[in-house]
Amino acid sequence: MQRIVAPSMLSADFGHLERDTRMIDQSEAQWVHIDVMDGVFVPNISFGFPVMKPIRKATGKCLDVHLMIVDPERYVEQFVEAGADLVTFHYEATNDVKGCIDKIRRAGARVGISIKPATSVDVLKDILPMVDLVLVMSVEPGFGGQSFIRGSIDKIRELRSMANGYNPKLMIEVDGGISSRNAGEVYEAGADALVAGSAVFKAEDPAAEIIKILKA
């Protein structure tokens, strides 16, 4: 399994986004994670298209965009135009999962689909061959700084086992409560990419914390 760290810009200093993006760009992190929230699908509002563009200019690394918005198919093409390399939407947020996948693919980005903690991995069985990544939420989406839900470990293992039969190249990403203290266990359960927000940006040395997560 590969090991990827995707620091979440939701935990960055919004007054110094360019500085914090450049820090990630110069670190060992491979992706930059951007959480987009609409205040409807989740009870919070975050980034939109105008913020995406300066982040894109500040890094050449993969922009990993996580859409926590209703009807994501209405906007996915614009996020790709704004610089997203990977666009992940929520299974629970659309009535047209396959249509949303097709739109992202046609726009030229890699495709991810995410599930909330209460959603079973079984709903993804027929979808796994169509996507590049599944994002497992290990907290309730909407806010940073929450504690990791322990049951997520079994969920990741179950998803990895399922992917081995339906899409062996599938990447598994995990978001919520990740730090160097639990990263090793999450990687070993079958995850490829870990989103880390508070653990990175609240650390005395964020770049060193990224290395700790990668080597956990």
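Residues numbered from 1 in each chain as written. Predicted model: local features only at pLDDT ≥ 70, side-chain atom pairs only at ≥ 80, totals over all residues. Heavy atoms only, no water.

Peer 1: What is the right way to read unusual backbone geometry from this model?
Peer 2: Excluding glycine, residues mostly have negative phi values, and the peptide bonds linking residues are mostly trans. Of note, Asp 71 is a non-glycine position whose phi angle comes to about 50°, a positive value. Checked against the element boundaries, Asp 71 lands in the loop between strand S3 (62-68) and helix H3 (76-81). Residue classification places Asp 71 among the partly exposed residues on the basis of a relative accessible area of 30%. (Helix = DSSP H or I, 4+ residues; strand = E, 2+ residues; numbered from the N terminus. Buried < 20%, exposed > 50% of the residue type's maximum accessible area, 1.4 Å probe, protein only.)

Peer 1: How should the packing of aromatic side chains be read in this particular structure?
Peer 2: A ring pair, where both rings are aromatic, is described by two values, the distance of the centres and the angle of the planes. Under the defined criterion, the tally for this structure stands at one aromatic pair. Aromatic side chains Phe 49 and Phe 79 sit 4.4 Å apart centroid to centroid with 45° between the ring planes, which places their arrangement in the tilted category. Taken together, the residues Phe 49 in helix H2 (residues 49-58) and Phe 79 in helix H3 connect sequence positions 30 residues apart. Over the ring of Phe 41 we find Lys 116, and its NZ or CZ is 4.4 Å from the ring centre. (Phe/Tyr/Trp six-rings, centres within 6.5 Å; stacked < 30°, edge-to-face > 60°. Lys NZ or Arg CZ within 6 Å of the ring centre and 35° of its normal.)

Peer 1: How should I be thinking about the environment of Ile 55 in this particular structure?
Peer 2: Along the chain, the position of Ile 55 falls in helix H2. You can call Ile 55 buried: its relative accessible area is 2%. The spatial distance from the C-alpha of Ile 55 to the C-alpha of Arg 19 is 9.7 Å, given a sequence separation of 36 residues. Setting aside its immediate chain neighbours within four residues, Ile 55 contacts Met 9, Thr 21, Val 32, Ile 34 and Leu 63. (Contact = heavy atoms within 4.5 Å.)

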